[in-house]
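Inside the fold
Residues per chain, in single letters:
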Protein chains: 2
Amino acid sequence: MTTSRRTTLKHIAHELGITTTTVSCILNDTGGKYAEETRKKVLDTAKRLRYRPNALASGIRGGKIHVAGVMIQNRGHFSTEIINGIHDKLLENQTIMFLTWNSAKHTKSWDETAEQRTIHHLIDRRVDGIILSTSNENFDHCYFEEIWERNVPLILVDRQIPSISADFIGTDNQVLGALAAKHLLDLGHKRFLFCSNSHVGNAVQREEAFAGVLSSQPGTTFRSIDFMATDCSDQLRDAFGSAATRPTGVLCINDWTAIEVRRVAAAMGLEAPRDFSIIGSGDQHFTDPFAQNLTTFDQKPYWIGQCAAQCYLSRVHSQRKKGDPQIITIKPELLLRGSTAPLSP
Amino acid sequence: MTTSRRTTLKHIAHELGITTTTVSCILNDTGGKYAEETRKKVLDTAKRLRYRPNALASGIRGGKIHVAGVMIQNRGHFSTEIINGIHDKLLENQTIMFLTWNSAKHTKSWDETAEQRTIHHLIDRRVDGIILSTSNENFDHCYFEEIWERNVPLILVDRQIPSISADFIGTDNQVLGALAAKHLLDLGHKRFLFCSNSHVGNAVQREEAFAGVLSSQPGTTFRSIDFMATDCSDQLRDAFGSAATRPTGVLCINDWTAIEVRRVAAAMGLEAPRDFSIIGSGDQHFTDPFAQNLTTFDQKPYWIGQCAAQCYLSRVHSQRKKGDPQIITIKPELLLRGSTAPLSP
DNA sequence: TTGAAAGCGCTAACAT
DNA sequence: ATGTTAGCGCTTTCAA
C-alpha cells in the first residue's frame, strides 16, 4: 500500500553494509567504541534518510515510553492551568502526555463506563504512569485496582481519594478556610455561611477550617448549606430571609456556587458587597456578570500541575516503592476583587 | 525486577494449553470459527487475569494506533475549547490524543527548536495523524516536509499556512469582518479603525472584509494599525488624538488587542462605549476590567475542534489522497456585551 | 477448529 | 570495533 516505507535501522544498516546493532548503538550513544568513520557515516545516512526512531518498538521491550496518561475534570480555567503546569514540566523532561477529560463537555454521550474505558485506553498504550483528577471520590475502585496491580504510578490532583494510598497534590484547605475567615472577621462580619456543592473532602476540610477559626470568636454564628440537597434554594432563601439573622460573611466552595448564591440573593433584592460579603474559589474567569467582581482564591493551578508532574517524574524514574504516599498541599492566595466589604452598620 | 509481569497472550495460551494465535483471534473476533467452549474459556481467563492488549505491540506492525498528535497555541479559553471539541469527537471514535502546546506558558525555556522537537516526539510515537495550530505561519518548512513525506495526515486549525496544501478548519473571516462592519454602520459610525497584532492571514482577510463593506458606504473613513509595529502606541494616540477625525468604530483582531486599545484610550481619557465603539474577537474570558463588557465574536472554538477531529478521522481512516485539501470555515457570532453604542451626536 | 512460523523495529547479552 | 542472536507482544499468512 504505502509506497514509501518509513526508514528503519535496517535500511541504514543495509545501505552501509553493517549491522542494525551498530547503527542502534551509535545513534543512541550506547555500547562504547566505534570508529569515528563509521559513526560519521551512520549519522550522515540517518539524517539523509530522515530516520526517526520508532518509540513503539523500544517501548515494547518493557522500557519506559516517556508518556504520561493525564485524566482530569473539565473545569474551565482552573484545570486548564493545571494541565499547562503538567505539560511544561513533563516536556522539560522529554515526556509527553495523553490528555483525556473524565467527562465530555458538551456531548451527552458520557455514560458511566466511559471513564473506565478511558483508563483502559491509557493502560493499553502502556503509559509510564497516570496523573488523575477524579470526578468522583467514591466511585468504583475496580479500575484503581487495575492500575495498582500493574505497578503504574498514580498521582492524584486536586481531589484526594481517601481509600487509595497514592501521591496527592492539592490545595491547602486549612489555609484557605482560615484566610477566608480572617478576612471576613477583619471586615467586622458576625454571621457566617459556608456553601458547598457536594460532600467532597475539599469541602469538608474547608468548612472545618473556616468554622474552626470563627468558633474562637465570641458572638459569631455559623451555618452551612450543601447545594447537592434538593431543597438547597429553600435553605438559602431561608437563611437570607430575615435581615436580623441573615449571614453577611459567605464562603463558597467554588466560583460556580458563589455565582449561584449571588443569583438567588439577587432575586431577593440582595447584592454583594452591599448586603453581604461573598468569597468564591478557583478564579475561574467566568463571563457571568456575578463573577465579575467576585473575590476569590487563586489556588495556583499552574503550580499544582508542575508539582504533580514533578512528583510523577520522580515516581516513574526512581520507582519509589508504593506505600509511602507523598502529600503536597499548595497555599492559595486571596484575590480581592470587590465582592467583600466592611459590615455596614 | 518487576515481580508481577503483566499478563500477555502467551500467559493465557499457556494456561489453557492452546496457542496465542487462537487467543488473539478469539479476543479480537477475527479469523472465524472457534468452538464455543474454547471461546468461553479464553474470555474467562482473559478477564480473570485482567488481560489488557498491548497497543504498542499491535502498533509496531504498521497498523493504526488510534492516537492523534495535537499541537496547539496556548491562547486561553479559545484554544481550550478547540481542544475540548477535538477530544470529545476523537474519544467517540476510540482515539486519544497526545496534547502539546507550541509554547510553554510560564516557562521561559522555550527556544526555537522546541516546537520542532515536539513534532519529533509525535512522529517518533507514530501518531496516526497530526492536528496543528501553528504559532507562526511563516516558519521553517522543514518539519512539515518531515510530516509530509511520512504520509501522516496533517490538519491545520485556526491558522492556515499558505504554502502547505493541508486540510484547514478555521473562522470565516469574511463573515466576521462583514458582521462587524454592519453592526458598527447600523450604530451610525462613520470613521473606522482596524487593529491587528501581526500580519497573519486571519488579520488580512478580516481587514479586507471589514474595509470592503465600509467602502461601499459613502462618507466613511478607514484606517488600520498593526500592533507589531514599534510605534503602534504612537499611531494609536495619533489616531485618537483629534476629536474631529477620531475613529469611533473599532474592530480588533482579538480580545488582547482590544484590551490594549482600550487601555491606551483610557490613558487619553477616552472610554468605550461613550467615546468610541470597539469589538474584539475570541471571547477569551479575561478577568481584565477592560474585557468585562467587551463586545466580541464567539468563533465557535468547540465546533472548530469537532470539525477538525472529524476531518482528521476521515483522513486517517479513508486515506484520502493528499492534494485535495478540504477547507472548512466556521461562521462566528457577534456577542453584544456593551462596548459598542450608537454614535453620540 | 486450531497451530506453526515468520516478522514488525528495536535492544541487549554475548560472541568475535 | 563490530556482528550474532534472541526476544519484547502481537498479528498474519499458511498449513494441518
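Counting restarts for each chain: residues are numbered from 1 in the order of the written sequence. Chains carry letters and ligands carry numbers; both start at the beginning, A for chains and 1 for ligands, and go up in the order they are written. A pLDDT threshold of at least 70 governs which residues receive local features in this predicted model, and a stricter bar of 80 or more applies before side-chain atom pairs are shown or counted, although totals over entire chains, interfaces and linings include all residues. Heavy atoms throughout the structure, all of them, feed into the side-chain values; hydrogens and water do not.

1. Regarding the packing of aromatic side chains
In this description, a pair of aromatic rings is defined by centroid distance and the angle of the planes. All names here are of chain A. Paired rings are identified among Phe, Tyr and Trp, the last through its six-membered ring, by centres lying within 6.5 Å, and are further divided according to the angle between planes into stacked (under 30 degrees), edge-to-face (over 60) and tilted (the rest). On inspection of all chains with the given rule, the structure shows 11 aromatic pairs over all chains. A centroid spacing of 6.4 Å and a plane angle of 45 degrees characterise the contact between Phe-194 and Phe-210, whose relative ring orientation is tilted. Of the two residues, Phe-194 sits in strand 6 (residues 191-196) while Phe-210 sits in helix 9 (residues 201-215), which places them 16 residues apart along the sequence. Exposure is judged per residue with a 1.4 Å probe applied to protein chains only, and the accessible area is read against the type maximum: over 50% gives exposed, under 20% gives buried, and values in between give partly exposed. The class of Phe-194 is buried, set by a relative accessible area of 0%. By relative accessible area, Phe-210 is classed as buried at 0%. Only runs of H or I of at least four residues qualify as helices and only runs of E of at least two qualify as strands under DSSP, and these elements are numbered from the N terminus.

2. Topic: the domain arrangement of chain A
Residues and elements named next belong to chain A. Domains assigned within chain A are domain 1 (9-53), domain 2 (65-172 + 301-333) and domain 3 (174-298). In this document the domain limits rely on a domain assignment from an automatic tool or a database. Each of domain 2 and domain 3 has a C-alpha centre, and these two points are 30 Å apart. Put simply, buried area is the surface a 1.4 Å probe can reach on two separate parts but cannot reach once they are joined, added for both. Carbon and sulfur atoms make up 46% of the surface buried where domain 2 meets domain 3, a total of about 1,300 Å² over both sides. We count a salt bridge whenever a side-chain nitrogen from Lys or Arg sits within 4 Å of a carboxyl oxygen from Asp or Glu. Where domain 2 touches domain 3, the interface holds 0 salt bridges.

3. Remarks on the protein's contact with DNA strand C
When we say a residue is near a molecule or strand, we mean one of its heavy atoms is within 4 Å of it. Residues in close proximity to DNA strand C total 26 residues, the closest being A:Leu9, A:Ser24, A:Tyr51, B:Thr19 and B:Arg61. For DNA strand C, the backbone makes up 67% of the atoms found within 4 Å of the protein, where backbone means sugar plus phosphate. The separation between a phosphate oxygen of DNA strand C and a polar side-chain atom of A:Ser24 is 2.7 Å. Under this definition, polar contacts are N or O atom pairs within 3.5 Å; protein pairs additionally need one hydrogen-donor-capable and one acceptor-capable atom, and for neighbouring residues in sequence, both atoms have to be side-chain atoms. A:Asn28 places a polar side-chain atom, nitrogen or oxygen, 3.2 Å from a phosphate oxygen of DNA strand C. Sorting the residues of the surface near DNA strand C by element identifies helix 1 (9-16), helix 2 (20-28) and helix 4 (55-60) of chain A together with helix 2 (20-28) of chain B as the ones contributing at least two each.

4. A closer look at the protein's contact with DNA strand D
For DNA strand D, the set of nearby residues contains 25 residues, the closest of which are A:Thr19, A:Lys33, A:Arg61, B:Leu9 and B:Tyr51. Backbone atoms, meaning sugar and phosphate, form 66% of the atoms of DNA strand D found within 4 Å of the protein. In the environment of DNA strand D, a phosphate oxygen lies 2.8 Å from a nitrogen or oxygen atom belonging to the side chain of A:Thr22. Take B:Arg61: an N or O atom from its side chain is 3.4 Å from a base oxygen of DNA strand D. Elements that contribute at least two residues to the surface near DNA strand D include exactly helix 2 of chain A together with helix 1 (9-16), helix 2 and helix 4 (55-60) of chain B. Along the lines of polarity and charge, the residues of the surface near DNA strand D split into 9 nonpolar, 11 polar and 5 charged. Under the scheme applied here, ten amino acids are nonpolar (Ala, Val, Leu, Ile, Met, Phe, Trp, Tyr, Cys and Pro), four are charged (Asp, Glu, Lys and Arg), and all others, including Gly, are polar.

5. What about helix 8 (residues 173-186) of chain A?
Residues and elements named next belong to chain A. For helix 8, spanning 14 residues, the distance from its first C-alpha to its last is 20 Å, which sits close to the expected 20 Å at 1.5 Å a residue. Among the residues of helix 8, Asn-173, Leu-176, Gly-177, Ala-180, Ala-181, His-183, Leu-184 and Leu-185 are the ones counted as buried. The N-cap of helix 8, judged by a side-chain oxygen 3.2 Å from the amide nitrogen of Gln-174 a few residues on, is Asp-172. Any helix carries an expected span of 1.5 Å times its number of residues minus one.

6. What to know about the environment of A:Leu99
Residues and elements named next belong to chain A. Within the secondary structure, Leu-99 is located in strand 2 (residues 96-101). Overall, the relative accessible area of 1% leaves Leu-99 in the buried class. Spatially, the C-alpha atoms of Leu-99 and Met-71 are 6.1 Å apart, while their sequence positions differ by 28 residues.

7. A short note on the relation of the copies chain A and chain B
The copies were overlaid with a least-squares fit restricted to C-alpha atoms from residues scoring a pLDDT of at least 70 in each copy. Least-squares fitting of chain A to chain B yields an RMSD of 0.1 Å, with the superposition described by an axial translation of 0.0 Å and a rotation of 180 degrees. Both chain copies can therefore be described as sitting about a two-fold axis. Looking at chain A, 100% of its interface residues are interface residues in chain B too, so the copies touch through the same face. Between two residues, a contact is recorded if the distance between any of their heavy atoms is within 4.5 Å.

8. Quick notes on the interface of chain A and chain B
Each partner contributes residues to the interface: chain A has 58 residues there, and chain B has 58 residues. Carbon and sulfur atoms make up 52% of the area that chain A and chain B hide from each other, which totals about 5,700 Å². Among the residues of chain A in contact with chain B, A:Arg50, A:Arg52 and A:Leu56 are the three that bury the most area, contributing 13% of the side total. For the pair chain A and chain B, the interface holds 6 salt bridges. Between B:Arg50 and A:Glu145 there is a salt bridge, with its nearest N and O atoms 3.4 Å apart. Between chain A and chain B we count 31 residue pairs in polar contact (both at pLDDT 80 or more) in total. Those elements that place two or more of their residues in the side of chain A that touches chain B are helix 4, helix 5 (76-92), strand 2, helix 6 (114-124), helix 7 (142-149) and helix 12 (301-318) of chain A. Of the residues belonging to the side of chain A that touches chain B, the class tally is 20 nonpolar, 21 polar and 17 charged. Should DSSP find at least two bridges between two strands, the strands are taken to pair. The pairing of strand 2 of chain A with strand 2 (residues 96-101) of chain B spans 3 bridges and is antiparallel. By the bridge assignment, A:Met97 is partnered in strand 2 of chain B with B:Leu99.

9. Re the pairing of strand 4 (residues 154-157) of chain B
For a regular strand, the rule is simple: side chains alternate between the two faces of the sheet. All names here are of chain B. The alternating pattern of strand 4 places Leu-154 and Leu-156 on one face and Ile-155 and Val-157 on the opposite face, and all of these are buried. As judged from the 3 bridges shared by strand 3 (residues 129-132) and strand 4, these two strands associate in the parallel manner. Across the sheet, the residue bridging to Ile-131 is Ile-155, located in strand 4. Where strand 4 lies against strand 5 (residues 167-171), 3 bridges are found, and the strand directions are parallel. For Ile-155, the partnering residue across the bridge sits in strand 5 and is Asp-167.

10. Quick look at the sheet that holds strand 1 (residues 67-72) of chain A
In space, the 12 strands of this open sheet follow the order 11(A)-5(A)-4(A)-3(A)-1(A)-2(A)-2(B)-1(B)-3(B)-4(B)-5(B)-11(B), with mixed pairing throughout. Each edge of the sheet is formed by a strand with only one pairing partner; in this case those strands are strand 11 (327-330) of chain A together with strand 11 (327-330) of chain B. Each neighbouring strand pair of the sheet contributes to a mean axis angle of 20 degrees, computed without reference to strand direction. Strand direction decides the pairing type here: strand 5 of chain B and strand 11 of chain B, joined by 4 bridges, are parallel. Among the inter-strand pairings, B:Gly170 is bridged to a residue of strand 11 of chain B, identified as B:Thr329. Comment: axis = line fitted to C-alpha atoms, over the contacting stretch for helices; angle = value between 0 and 180 degrees taken between N-to-C directions.

11. Digging into the sheet that holds strand 8 (residues 249-252) of chain A
All names here are of chain A. A sheet is described by the order of its strands in space; here 4 strands give the open sequence 7-6-8-9, paired in parallel fashion. Single-partner strands in this sheet number two, and they are strand 7 (221-226) and strand 9 (277-279). Strand-to-strand twist across the sheet, computed as the mean angle between neighbouring axes with direction ignored, equals 15 degrees. The pairing of strand 8 with strand 9 spans 3 bridges and is classified as parallel. Across the sheet, Val-250 pairs through a bridge with Ile-278, a residue of strand 9. Strand contacts of helix 9: strand 6, strand 7 and strand 8, with the helix running at about 175 degrees to strand 6, the strand carrying the most contacts. Contacts from helix 10 (residues 232-241) reach strand 6, strand 7 and strand 8 within the one sheet, and its direction differs from that of strand 7 by about 160 degrees.

12. Quick notes on unusual backbone geometry
Excluding glycine, most residues fall at negative phi; most peptide bonds, likewise, are trans. Of the consecutive residues A:Ala272 and A:Pro273, the connecting peptide bond is found in the cis state with omega at 5 degrees. The topology assignment puts A:Pro273 in the loop between helix 11 (255-267) and strand 9.

13. Quick look at helix 10 of chain A
Residue and element names in this part refer to chain A. Within the span of helix 10, buried status applies to Cys-232, Leu-236, Ala-239 and Phe-240. End-on view of helix 10: buried residues confined to an arc of 90 degrees, all on one side of the axis. Residues of helix 10 that are buried make contact with strand 6, strand 7, strand 8 and helix 11. This arc describes the spread of directions from the helix axis toward the C-beta atoms.

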